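Inside the fold
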Amino acid sequence: MLLLVLPVASGLGSLLLAALGLWAPLGATNGAATVWQDLFDAPGLWPAVARSLTSGFAATLLALAATLLLLAGAGLRLRRWLGRLVAPLVAVPPLAVAVGLAFLIAPSGWIARLLSPWATGWQRPPDLLLLNDPAGLALILGLAVKETPFLLLVALAGLGEGEVERRLLVARSLGQGPAAAWFKVALPALYPKLRWPLYAVLAYGLGTYEVALVLGPTQPPTLAVLLLTWAQDPSLALWPRAAAGSLLQVLLVALALLVWRQGERRLGRLGRAWAARGGRGRLGWSRAGGGLAWLLLLLGLGALLVLPLWSLAGQWRFPAALPQLWSAELWQRQGPLVASTLGGTALLALATTGLALLLTLLALEHETLSGRPAGRGATLLLYLPLLAPPVALALGWGAALAGARAIGSWPALLWSHLVYVLPYVFIALAGPWRRIDPRHALSARALGLRRGAVFWRVRLPLARAPLLAAAAIGIAVSVALYLPTLVAGGGRFPTLATEAVALSSGGDRRLLAALALLQALLPLLAFLLALSLGRPRRFRRPPQGAIT
Amino acid sequence: MSAGLTARALALRLDGRRLFRPLDLAVAPGEVLLLTGPSGSGKSSLLLALCGLLPARFQLEGDWWLDGQDLRGLPPESRHLGLLFQEALLLPHLTVGENLGFALPRRPGETRQARRARIAATLAEAQLADYGERDPATLSGGQRARVALLRTLLSGPRALLLDEPFAALDPVLRAEIRALVAAQVRRAALPCLLVSHDPAEAAALGAKTIKLLPES
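On a predicted model such as this, the values are computed, not experimentally measured, just so you know.

Moving on: the overall build of chain A. Helix and strand counts for chain A stand at 24 helices and 0 strands. The C-alpha radius of gyration of chain A comes to 25 Å, within 12% of the 24 Å expected for a compact globule of 548 residues. Principal-axis analysis of the C-alpha atoms places the extent of chain A at approximately 80 × 65 × 60 Å. Going through the 548 residues of chain A one by one, you find that 45% of them count as buried.

Shown next as structure tokens:
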């Protein structure tokens, strides 16, 4: 537990000290009043705050609306099919989605190419500000594209297979149209399961750094990007300002979550009143709303497909839908660099995930043997890193690491990744582990197995599939991490994420596509492996006619 | 001390509260004793307590012996009390044969073939000759119950403790499995303690009955 609490506590603690003007690990201190005065006088602060808020809320609402409207019209079969479609999209790191989306929607992007010149008449890329637009529309779209599959997957898991279906039948037989029945009957059962994932989505949308860097507005940028610009100022003079700004961001996220909570309460009351009024609205418009979700899913798929295209493109003049010349030149020329970056990323992901699995299993086995589940407080602490703004956490923790002269060391890197990987691995494994029938263990003990043997020979094999899934999730999370890698690695540990971000502000587009592609493929590979290794064991078919 | 399972003033406490009135037991080898009582009376917990498998919130009071030996200090795996639940609880990642192998203690110097032969012989005796390689999930309810009983017997128990073992079976199968249990208990000369909420089990098994009475 301390392992998790320490980075969060010391991160926020060192921010607090710096913001109060009491401590600056990297430079001189002035008083707290000066620090905050400096922050509030900083050019672009309030527009940046406004942009963070609008993009965070808009993206979350968009993703939620798309999810609910799509599910409202989806039967059991479509839902099963959807589950298989969105699972791989969830695994892809947000940065890879953002880069792919940029290749897709840019003025010279794939969509413009597919529509030109026959529909648009464009012979050259139009002079439109489609990426990094000041209103943050591209950022909102990017976040919604990334989060809709996630919310869909959570919702599909929450709906299960039978119970909701029966409720819907009852509502239909009472005269409700399909969509109205869904919103009145299924949604109230589903929402509690969506609540925490939604908070995470909102917090991520408000605090994201790498997606905002690729797709977000620039003059001024969102708060997260602005904070990091200050923190990375070579003179170090702006560091206290960045620290104070990070605290402001923490406050903003907390406030935003409170606002969301109030909103969902109000809407819940309105919804109950609506259901009790007994109206028979058809809600025909919701069918059209489902199209929104399909559009977002399609954009996500397109973003993934365009990456290999760019990485293999030789010559690709504007309105052509496909490159004129294909070339593996990039992969040959940059091969060694790409391979070493890929190797480092994979190694870090494997090491972190292995450690996270070990700790999770120790905690869960201890819980099983002692019969006491972890308390609410401990669980909340575990999830805290998922809600804390990543920039604030990274800056504070980075300062603490710098104070300990640990920047750039493997333990620091591993620990920083563990803070994010462990919660996800624990969430993925705890449920299935706790659902193992305890009588299996009792029966094995009575059959003569020692306590340790029950763990190895009963519980571990019974949890094989979720164990592998948790490992894949851990790898996906680690591969996606940018800020913790940058900060703890001191810029000396290149991963796919750090290199791709460095290239995203105008570097070799083919190399950028290649890195983003690999960043997407690594988690996908992990999930494929987990699926194939986690399949139930195949037994020899029963002999013909022997079934009694 | 007498052979079989004996107990004096046996009682179970949960968080200090006694669950039923203290009782005396005497089950001779090859004999079945039925424990009945309403749900929540602690009869299933009593079986787990004898096996040493209950958390510390439960406390077993009184003295008890198996073949004159006091088992209280032993860990569950060394007590050799064969425990069976209502569900067969066969491990889904092992074949039927491997499930039996899971319970069969290793004999020093025994070859893998000899072990396998022992398992095959056990299956053949129970009319399950060709089932060694099968996925337990493909067995019928009655077959699963039979395999679970075989698995427990193979672990070399010195007594059998059965927790509602027939409750999940339909009446025809129930009679079949009940007869099988009775036959095995006699054949292996094991003292058998059977928990059921259905007092009619006693007549069917020709067993003595002890009713757990709530603490008044």
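Having seen the structure, we can now continue with the description.
On to the overall build of chain B. If you tally the helices and strands in chain B, you get 6 helices and 9 strands. The C-alpha radius of gyration computed for chain B amounts to 18 Å, which stays within 12% of the reference 17 Å derived for 216 residues, consistent with globular compactness. Considered along the principal axes of its C-alpha atoms, chain B spans approximately 55 × 40 × 30 Å. For chain B, buried positions account for 39% of its 216 residues. Looking at chain B alone, contacts between residues at least 24 apart form 75% of all its contacts between residues at least 6 apart.

Let us look at the nonpolar core. Among the nonpolar cores identified, the biggest contains 161 residues, and Leu95, Val99, Leu101, Ala144, Leu215, Val425 and Ala516 of chain A are the most heavily contacted of them. Those residues within four positions of Ala144 of chain A in sequence are excluded, and the remaining contacts are Ala59, Leu62, Ala63, Ala66 and Leu296 of chain A. In terms of nonpolar packing, the next biggest core, distinct from the first, is built from 65 residues, Leu12, Leu47, Leu48 and Phe85 of chain B among them.

Once that is clear, we can look at the packing of helix 8 (residues 163–173) of chain A against helix 9 (residues 178–207) of chain A. Working note: a packed helix pair is described by the angle between its axes plus the distance between those axes. All names here are of chain A. Packing of helix 8 against helix 9 brings their axes to within 9 Å, and their N-to-C directions diverge by 135°. One element, helix 8, and the other, helix 9, form an angle in the oblique class. Between helix 8 and helix 9 lies a crossing whose hand is right-handed. Two secondary-structure elements touch here, helix 8 through Val164, Arg167, Leu168, Ala171 and Arg172 and helix 9 through Pro178, Ala181, Trp182, Lys184, Val185, Ala186 and Ala189. For the contact of helix 8 with helix 9, the class distribution of residues is 9 nonpolar, no polar and 3 charged.

Residue and element names in this part refer to chain B. Read across the sheet, 5 strands follow the order 6-7-8-4-9 without closing on themselves; strand pairing throughout is parallel. In the strand order of this sheet, the two ends are held by strand 6 (81–84) and strand 9 (208–211), each with one partner. Sheet twist, expressed as the average angle between the axes of neighbouring strands with direction ignored, equals 20°. Across 4 bridges, the pairing between strand 4 (residues 32–36) and strand 9 is parallel. In the strand pairing of strand 9, Thr36 is matched with Lys211.

Residue and element names in this part refer to chain A. One can describe the packing of helix 15 (residues 335–370) onto helix 18 (residues 410–435) by two numbers: an axis separation of 8 Å at closest approach and a directional angle of 50°. If you check the angle between helix 15 and helix 18, you find them oblique. Considering only the axes of helix 15 and helix 18, their crossing is right-handed. Along the contact surface, helix 15 presents Leu348, Ala351, Thr352, Thr353, Leu355, Ala356, Leu357, Leu359, Thr360 and Leu364, while helix 18 presents Leu413, Leu414, His417, Leu418, Val421, Leu422, Val425, Phe426, Leu429, Ala430 and Trp433. Each residue belonging to the contact of helix 15 with helix 18 can be placed in one class, and the counts come to 17 nonpolar, 4 polar and no charged.

In the predicted model, chain A carries a mean pLDDT of 85, and the fraction of residues at 70 or more is 92%. Mean pLDDT per element in chain A: helix 1 (residues 2–19) of chain A is the minimum at 67, and helix 21 (residues 464–480) of chain A is the maximum at 94.

Residue and element names in this part refer to chain B. For strand 1 (residues 5–14) and strand 3 (residues 23–27), the ladder comprises 4 bridges, and the chain directions are antiparallel. Note on strand 3: the bridge partner recorded for Thr6 is Ala26. By the bridge criterion, 8 bridges tie strand 1 to strand 5 (residues 58–66) in an arrangement that is antiparallel. Looking at the pairing, Leu12 lines up with Leu60 of strand 5. Relative to strand 2 (residues 17–18), strand 1 runs antiparallel, the two being bridged by 2 bridges. What sits directly across from Leu14, in strand 2, is Arg17.

Residue and element names in this part refer to chain A. For helix 4 (residues 76–91), with 16 residues, the first-to-last C-alpha span of 23 Å sits near the 22 Å given by 1.5 Å per residue. If you look at helix 4, its biggest bend is around 25°, right at Leu85, and the proline Pro88 turns up within four residues after that. Among the residues of helix 4, those classed as buried are Leu82, Val86, Leu89, Val90 and Ala91.

Okay, the environment of Pro22 of chain B next. Residues and elements named next belong to chain B. For Pro22, the location among the structural elements is in the loop between strand 2 and strand 3. Overall, Pro22 belongs to the partly exposed group, with 15 C-beta atoms counted inside 10 Å. Spatially, the C-alpha atoms of Pro22 and Glu164 are 22 Å apart, while their sequence positions differ by 142 residues. The contact partners of Pro22, leaving out residues within four places of it in the chain, are Ala9, Leu10, Ala11 and Gly62.

What follows concerns unusual backbone geometry. The step from Gln219 of chain A to Pro220 of chain A runs through a cis peptide bond, and the omega angle for that step is -5°. You can see Pro220 of chain A is positioned in the loop between helix 10 (210–215) and helix 11 (223–231). Notably, Asp15 of chain B is not glycine yet its phi reads approximately 50°, a positive angle. In this structure, Glu164 of chain B is a non-glycine residue whose phi angle is positive, near 50°. With respect to the secondary-structure elements, Glu164 of chain B resides in the loop between strand 7 (159–163) and helix 5 (171–188). With 18 C-beta atoms packed within 10 Å, Glu164 of chain B lands in the partly exposed category.

As a further point, take the environment of Asp127 of chain A. Mapped onto the elements of the fold, Asp127 of chain A is located in the loop between helix 6 (110–115) and helix 7 (137–159). Its 6 C-beta neighbours within 10 Å are what place Asp127 of chain A among the exposed residues.

A separate point is the confidence of the model for chain B. Of the residues in chain B, 99% have a pLDDT of 70 or more, and the chain-wide mean is 90. The ipTM assigned to the predicted complex is 0.89, against a pTM of 0.86.

As for its placement among the helices and strands, Ala203 of chain B is situated in helix 6 (residues 200–205). Between the C-alpha atoms of Ala203 of chain B and Leu34 of chain B, which are 169 residues apart in sequence, the distance is 10.0 Å.

Conventions and cut-offs
Numbers given for residues are sequential positions, taken from 1 along each chain in its written order. Chain labels run from A onward and ligand labels from 1 onward, assigned in the order the entries are written. Predicted model: local features are reported for residues with pLDDT of at least 70 only, side-chain atom pairs are reported and counted for 80 or more only, and whole-chain, interface and lining totals are derived from all residues. To qualify as a helix, a DSSP run of H or I must reach at least 4 residues; to qualify as a strand, a run of E must reach at least 2; elements of each kind are numbered from the N terminus. Atoms counted for the radius of gyration: C-alpha only. Globule rule: 2.2 Å times residue count to the power 0.38. Partly exposed residues are those whose C-beta has more than 12 but fewer than 20 other C-beta atoms within 10 Å; 20 or more makes a residue buried and 12 or fewer makes it exposed, with C-beta atoms placed from the backbone. Here the contact rule is simple: place C-beta atoms from the backbone, and any two residues whose C-beta atoms are within 7 Å are in contact. Only buried residues count toward a nonpolar core: Ala, Val, Leu, Ile, Met, Phe, Trp, Tyr and Cys, linked into one set through C-beta atoms within 7 Å. Angles shown run from 0 to 180 degrees and are taken between the N-to-C directions of axes, each axis being a line fitted to C-alpha atoms and, for helices, limited to the stretch in contact. Our angle categories are set so that under 35 degrees counts as roughly parallel, over 145 as roughly antiparallel, 65 to 115 as roughly perpendicular, and the remainder as oblique. In this scheme, a crossing is called left-handed if the near helix is turned counterclockwise away from the far one by less than a right angle; it is called right-handed if the turn is clockwise. Classes in brief: Ala, Val, Leu, Ile, Met, Phe, Trp, Tyr, Cys and Pro nonpolar; Asp, Glu, Lys and Arg charged; the others, Gly included, polar. Only when DSSP finds a minimum of two bridges between them are two strands counted as paired. Scored from 0 to 100, pLDDT records how confident the predictor is in each individual residue. Multiply 1.5 Å by the residue count of a helix minus one, and that product is the helix's expected span. To get the bend at a given residue, fit one axis to the seven residues ending there, fit another to the seven starting there, and take the angle between those axes.

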